[in-house]
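Here is what each chain is made of, one letter per residue.
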Amino acid sequence: MNPPDTATADELPGIAPRLRDLRRGRGLTLETAAQWAGLSPAHLSRLETGHRQPSLPMLLGLARIYGTTVSELLGEMPPERDAIVRSRRTERAEADGWTYQQAGGSGRAMQALRVRVPYGTQGDLVRVHPGEEWLYVLEGPLRVILGDTVHDLTAGDSAHFDSLTPHRIAAVDRGGAELLFVHTLLQSPTAELCLGSGAHPR
């Protein structure tokens with residue numbers, strides 16, 4: 001097993017240059033993109049050089065900022081833009097123990113995923129960013145922390161919140177949790193107004 005900061009490019013081939021190219025294409029500096037994603041510039045730099053593997057929460061945050069989807073970040077072929085998404089046409093993918101499956105089409109203002117949350121992984125990662133998030137617990141239990149308030153959810157429970165609220169999610173027991181997850185992508189002129197403009201990218 002590789003130590004956390006050793007090269008992991010083989011695990012997610014091609015993602016490092018895509019992350020760098022997307023950031024530059026958005027006209028963002030390393031510092032600005034890292035701030036919006038809730039990462040340190042050094043951490044984002046390691047992701048862009050392939051020296052660290054991004055977790056699914058990190059990929060979700062970066063996809064939101066760059067106005068794309070996790071699937072496209074991972075280099076998967078986007079499904080045809082259709083109102084219907086067939087389960088047989090989507091594959092499960094894994095990043096740092098988190099497993100996801102596309103549950104919506106590409107090129108939309110929202111991204112829908114079916115997510116498997118592992119126990120004890122990234123449970124302390126706090127995220128803050130413009131937009132909204134909605135989740136529905138298929139199999140739990142799941143802990144959702146919004147600001148200073150802790151919510152324990154079970155199957156059938158849901159949460160819908162402004163993602164400027166500091167938040168994190170974690171599976172409560174070793175069996176993990178499974179949920180439907182929808183979040184907005186930052187790819188509209190309104191989103192640019194919310195985020196402000198970045199300086200010239202590196």
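Above: the structure in question.
Given the structure is predicted, the values throughout are model-derived calculations rather than measurements.

Parameters and conventions
Residues numbered from 1 in each chain as written. Predicted model: local features only at pLDDT ≥ 70, side-chain atom pairs only at ≥ 80, totals over all residues. Heavy atoms only, no water. Pairing = 2+ DSSP bridges. Helix = DSSP H or I, 4+ residues; strand = E, 2+ residues; numbered from the N terminus. Axes fitted to C-alpha atoms, helices over the stretch in contact; angles between N-to-C directions. Patch = residues over 30% accessible without salt bridge, like charges linked within 9 Å, V, L, I, M, F, W, Y side chains within 5 Å. Areas by Shrake-Rupley, 256 points an atom, 1.4 Å probe, with all protein chains shown as cover. Salt bridge = Lys/Arg side-chain N within 4 Å of Asp/Glu carboxyl O. Buried < 20%, exposed > 50% of the residue type's maximum accessible area, 1.4 Å probe, protein only. Core = buried A, V, L, I, M, F, W, Y, C linked by side-chain atoms within 4.5 Å. Contact = heavy atoms within 4.5 Å. Phe/Tyr/Trp six-rings, centres within 6.5 Å; stacked < 30°, edge-to-face > 60°.

Trainee: Got a sec to walk through the sheet that holds strand β5 (residues 142-146)? Specific residues and values, please.
Mentor: With respect to topology, 3 strands assemble into an open sheet ordered β6-β5-β8, the strand pairing being antiparallel. A single partner strand is all that each edge strand has here, and the edge strands are β6 (149-153) and β8 (167-171). In this sheet, neighbouring strand axes are inclined to one another by 20° on average, regardless of whether the strands run parallel or antiparallel. Pairing geometry for β5 and β8, over 5 bridges, is antiparallel. Bridge pairing in β8 places valine 144 opposite isoleucine 169.

Trainee: Mind laying out a nonpolar patch on the surface, listing which residues take part and the relevant values?
Mentor: Taken together, the side chains of Val126, Val128 and Leu164 make up a nonpolar region of the molecular surface, amounting to roughly 230 Å² of accessible area. Of note, valine 128 is situated in the loop between β3 (110-117) and β4 (132-139). A residue is classified by how much of its surface remains accessible, and valine 128, at 37% relative accessible area, is partly exposed.

Trainee: I'd like a rundown of the nonpolar core, residues and numbers included.
Mentor: Ranked by size, the top nonpolar core spans 41 residues in total, and within it Val115, Leu135 and Leu142 carry the most contacts. Of all the elements, helix α4 (residues 56-66) adds the most residues to this core, at 8 residues. What leucine 135 contacts, discounting residues up to four positions off in sequence, is Leu142, Val144, Leu153, Asp157, Ser158, Ala159, Phe161, Ile169, Leu179, Leu180 and Phe181.

Trainee: Any chance you could break down the packing of aromatic side chains for me, citing the residues and the numbers?
Mentor: Counted according to the given criterion, the structure contains 1 aromatic pair. Centroid distance tryptophan 134 to tyrosine 136: 6.3 Å. Interplanar angle 15°. Geometry classified as stacked.

Trainee: Describe the sheet that holds strand β2 (residues 98-102), with residues and values.
Mentor: Spatial ordering of the open sheet is given by β1-β2-β3-β9-β4-β7, a layout of 6 strands whose pairing is antiparallel. At either margin of the open sheet sits one strand with a lone partner, and together these are β1 (93-95) and β7 (158-162). Adjacent strand axes in the sheet meet at a mean angle of 25°, parallel and antiparallel pairs treated alike. Sheet topology places β2 next to β3; 4 bridges connect them, and they run antiparallel. Pairing of tyrosine 100 across the sheet is with valine 115, part of β3.

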